[in-house]
Amino acid sequence: MNREWNVNEIRKDFPIFQSREIIYLDNSATSQKPYQVLDAVTDFYRNYNANPLRGLYDLAQAATEKYESAREKVCRFIHAESADEIIFTRNATESLNLVAYSYGGMVLKPGDEILVSIMEHHSDMLPWRQVAEKTGAVVKYLECDRQGKITEEDLKNAITEHTRIVAVTQVSNVLGVKNDIRAFAKICHEKGAVLVADGAQSVPHMPVDVQDLDVDFLAFSGHKMLGPMGVGVLYGKKEHLKKMPPFLTGGEMIESVSRDGAVFAQPPYKFEAGTVNAGGAAGLAAAIDYLENIGFEQIQKQENLLTEILMEEIKKIPFVHVLGSENPLDHHGIVTFTLDGVHPHDVAAILDADHIAVRAGHHCAQPLMQQMGVMASTRASVMFYNTEEEVEKFILSLKEIRRKMGYAE
Ligand code: 7TS
């Protein structure tokens, strides 16, 4: 199954690397798209376009089959028990809002606690704060250390008998650190809480098995894993989804509607109101095929190699400081740093002049940045299609920044 590894051959699949001169190191924001994904989206609109899930004619059924086969593929990819546990959303943000408003709104009572890790992206923090405000629950923070580490002990100490929901990312979009979701789920379940995992930065880069992790919910975005923008996923255990009220209401999420009432459809349809993004789902299915065709073993090998070079070379630059762990293997392709005397926006602008794309700012994780004692930072994030040569050019460019800003060295 696995395709023979040759990064230069792989790069030919990505049209943007032919059309633009760019060293793209902003993969945690969004990944680039291979033509196989672009073709799958076009193929849907060329050959299958009808409104799925409602038409009775042949073309509409073909559209429905395309959409449902994408759901089956996602189910298999994350090892869910059943495709009914896969809800298509717009992105990880919408998936997390869905769980917060629907599950949170259903179970939370005044005085209940929601434990949210301090390293969460705002998408996995603000929905919980909103739902806490509505229900009278309180948000408490699960702290990490300077390396970004959250231990089982930390969770055991922070969780109480009032904790109903724990929200933790599997991989931090700033520190790259990975949380032990399986161990965390066990602790949550012993305390009668559910674990909501944010898989936005893990699912594109490593095998994720929701049954093995025993996680209650997992959210991720298609666009960070080679898929198109506008399609995301919420996995939820069937036992929860069955009880949860809808998040959005409208077309195609009901069994029947009368003047005064409505019977909602079964999951996943109960959570997919309105016309769905079937073209996006077809693209996501092609993205999964592409990732599986290369294989996570090779993907991780390349991403770890690049991270190791990045970390080793940065260590040699006295004015650059990496946030989080010193061990490259803790970074999962994400290296965020500060550069003495130069604002991250200037760092990014200077790198851009060398056609290098990185992210600068707070990375939508301001509470974590505050905890780390920095206002802003610069982040380089790699994907398997990046090359050693690109990383080396980035390092050369990085070394020149202070001089370009007028410092003596
Ligand atoms: N969760 C994590 C851990 C993320 O990194 C992101 C996006 C999201 C949720 C939200 O994803 P969306 O697809 O709904 O927007 N992270 C980033 C980033 O690090 N830079 O740009 C977007």
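Residues numbered from 1 in each chain as written. Predicted model: local features only at pLDDT ≥ 70, side-chain atom pairs only at ≥ 80, totals over all residues. Heavy atoms only, no water.

Visitor: Break down the pairing of strand β15 (residues 377–381) for me, with residues and values.
Guide: Extensive coverage of β15 is indicated by the burial of five of its five residues. Residues S377, R379 and S381 of β15 are buried on one face, and the alternating residues T378 and A380, pointing to the opposite face, are buried as well. In this structure, strand β12 (residues 334–339) lies alongside β15, joined through four bridges in antiparallel fashion. Bridging across to β15, T336 finds its partner in R379. (Buried < 20%, exposed > 50% of the residue type's maximum accessible area, 1.4 Å probe, protein only. Helix = DSSP H or I, 4+ residues; strand = E, 2+ residues; numbered from the N terminus. Pairing = 2+ DSSP bridges.)

Visitor: Any details on the packing of helix α13 (residues 344–353) against helix α15 (residues 388–404)? Residues and values, ideally.
Guide: α15 packs onto α13 with a crossing angle of 120° between their chain directions and a minimal axis gap of 10 Å. Taken together, α13 and α15 sit at an angle that is classed as oblique. Considering the relative orientation of α13 and α15, their crossing is right-handed. Facing α13, whose interface residues are V347, I350 and L351, α15 presents F394, S397, L398, I401 and K404. Residue classes in the contact of α13 with α15 are distributed as six nonpolar, one polar and one charged. (Axes fitted to C-alpha atoms, helices over the stretch in contact; angles between N-to-C directions. Parallel < 35°, antiparallel > 145°, perpendicular 65-115°, else oblique. Left-handed = near helix turned anticlockwise from the far one by under 90°. Contact = heavy atoms within 4.5 Å. Nonpolar A, V, L, I, M, F, W, Y, C, P; charged D, E, K, R; others polar.)

Visitor: Go over the site of the ligand with me, naming the residues and quoting the values.
Guide: In the neighbourhood of the ligand, 17 residues make up the surrounding shell, with T93, D198, S221, R359 and R379 lying closest. Side-chain polar atom of N173 to an oxygen atom of the ligand: 2.9 Å apart, as the coordinates give it. (Near = heavy atom within 4 Å. Polar contact = N/O pair within 3.5 Å; in protein donor to acceptor, adjacent residues only side chain to side chain.)

Visitor: Run through the sheet that holds strand β4 (residues 138–142), naming residues and quoting values.
Guide: Within the open sheet, the seven strands sit side by side as β2-β8-β7-β6-β5-β3-β4. Their pairing is mixed. In this open sheet, the two strands that pair with only one neighbour each are β2 (86–89) and β4. Going across the sheet, the axis of each strand differs from the next one's by a mean of 20°, ignoring polarity. Here five bridges tie strand β3 (residues 113–117) to β4, and the two strands are oriented parallel to one another. Counterpart to V116 in the pairing with β4 is Y141. Contacts from helix α4 (residues 58–77) reach β2, β7 (217–221) and β8 (232–236) within the one sheet, and its direction differs from that of β2 by about 120°. Those strands touched by helix α5 (residues 92–107) are β2, β5 (163–169), β6 (194–198), β7 and β8, and its axis lies near 155° from that of β7.

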